[in-house]
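# Summary of structural features
Chain by chain, the residues:
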Amino acid sequence: MAPVGNGGFPEPPAGERVRVVRCAHDACGAETRVRLPERLPARVVRRVVCAGCGRTFDPERAEDAGGEAVAAAPRRPSWLARPPGKVWRVITIPIAALAVVATLLVVRDVTDNATTTQPVTPDEPTGTDEARVVTEPTYTLALPPEWRQVDPPAGASFAAESSDGAGEATLWIERSPGLGFAAFERRSLARLRDLAGSAEVAERSPGPAAEQTVVRLTAGAPGERRYEVTLRAAGAYRYFLSTALEPGASPIAREGVSMVQGSFLPSRE
């Protein structure tokens, strides 16, 4: 298996100060260094792709490499003229909530039990309620503060809404091992057009395989209900995570949508 850059983690956004974390792989003796946004502690690093043997492992020791944190070097923008590192950028979320999201992005501790919801304690208070981790065998995501789970519609696996009803999130999971990602994207665009009357690809982050590919769709004109859909794949499963915001939605709703979308992680069973 070929090694993957940065331990399999996305590169921090260009210009952002970074933390370098050392992860020792006892099985092969190699050391992998992972670059993270500086605000994240070393302890959040899990499921590293070894720079030596290319295998995925859970490091027993994830330690700061030491030295002064430096800004990530500027990189050439993608074909969408946006710099990479989108997975780290959830700029509308307060720093405390961002710590929760970023932790979930790198911690892939998915159990084989039924759904569990666990409190998450960020570095600072996030409001009257805590963000919580919703864990299933096939996915993990954050339930934002002042959001609640609700009964999902027929065929969906998860649904939640903000306390004021201005934001909502719904996750559909389909087991389709023969469905290529390009075909899945085309079908999802048609599905969103049926739902919202329009749809477009807002951002595409291709990876070497379908599981490393992320596509984001959007729909809705200014002043109308706004939809955002994240498309992911893991093994035989295809994921369609849809969020919606009412016009003039509150910060609770807007920040909650960003947290759900930014924290969502699919996982093989």
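Read on for a plain summary of the structure. (Residues numbered from 1 in each chain as written. Predicted model: local features only at pLDDT ≥ 70, side-chain atom pairs only at ≥ 80, totals over all residues. Heavy atoms only, no water.)

### Topic: the sheet that holds strand S1 (residues 18-24)
In plain terms, the rule: Strands are labelled as partners when DSSP assigns at least two bridges between them. We count a stretch as a helix when DSSP gives it H or I for four or more residues in a row; a strand needs E for two or more, and each element gets its number in order from the N terminus. With axes taken as lines fitted to C-alpha atoms, and helix axes fitted only over the stretch in contact, angles between N-to-C directions fall between 0 and 180 degrees.
The antiparallel open sheet is built from three strands, whose spatial order is S2-S1-S5. Here the strands that pair on one side only, and so sit at the sheet edges, are strand S2 (31-37) and strand S5 (62-64). Each neighbouring strand pair of the sheet contributes to a mean axis angle of 35 degrees, computed without reference to strand direction. By the bridge criterion, three bridges tie S1 to S5 in an arrangement that is antiparallel. Paired with Val 21 across the strands is Asp 64, a residue of S5.

### Some words on helix H3 (residues 251-263)
Applied cut-off: One less than the number of residues in a helix, times 1.5 Å, gives the span that helix is expected to have. Only protein chains enter the accessibility calculation, which uses a 1.4 Å probe; a residue whose area is less than 20% of its type maximum is buried, one above 50% is exposed, and one in between is partly exposed.
Taking 1.5 Å of rise per residue, the 13 residues of H3 would be expected to cover 18 Å, and the 18 Å separating its terminal C-alpha atoms lies within 8% of that figure. Three or more residues of H3 are buried, namely Ala 253, Gly 256, Val 257, Ser 258, Met 259, Val 260, Gln 261, Gly 262 and Ser 263.

### A word on the sheet that holds strand S9 (residues 147-149)
The condition is simple: It only takes one pair of heavy atoms within 4.5 Å for two residues to be counted as in contact.
A sheet is described by the order of its strands in space; here seven strands give the open sequence S9-S10-S11-S15-S14-S13-S12, paired in antiparallel fashion. Whereas interior strands pair on both sides, the edge strands pair on one side only; in this sheet they are S9 and strand S12 (200-205). Mean inter-strand twist for the sheet, computed between neighbouring axes without regard to direction, equals 20 degrees. The strands touched by helix H2 (residues 181-196) are strand S11 (167-175), S12, strand S13 (214-219), strand S14 (226-234) and strand S15 (237-245); relative to S14, the strand with the most contacts, the crossing angle is about 155 degrees. Packed on one face of the sheet, H3 meets S9, strand S10 (158-162), S11, S14 and S15 and runs near 170 degrees to S15.

### Focus: the environment of Val 215
As for its placement among the helices and strands, Val 215 is situated in strand S13. By relative accessible area, which is 0% here, Val 215 ends up buried. Once residues within four sequence positions are removed from consideration, Val 215 is found in contact with Phe 181, Glu 185, Val 201, Glu 203, Arg 204, Val 229, Thr 230 and Leu 231.

Function cannot be inferred from these measures alone, as they are strictly geometric.
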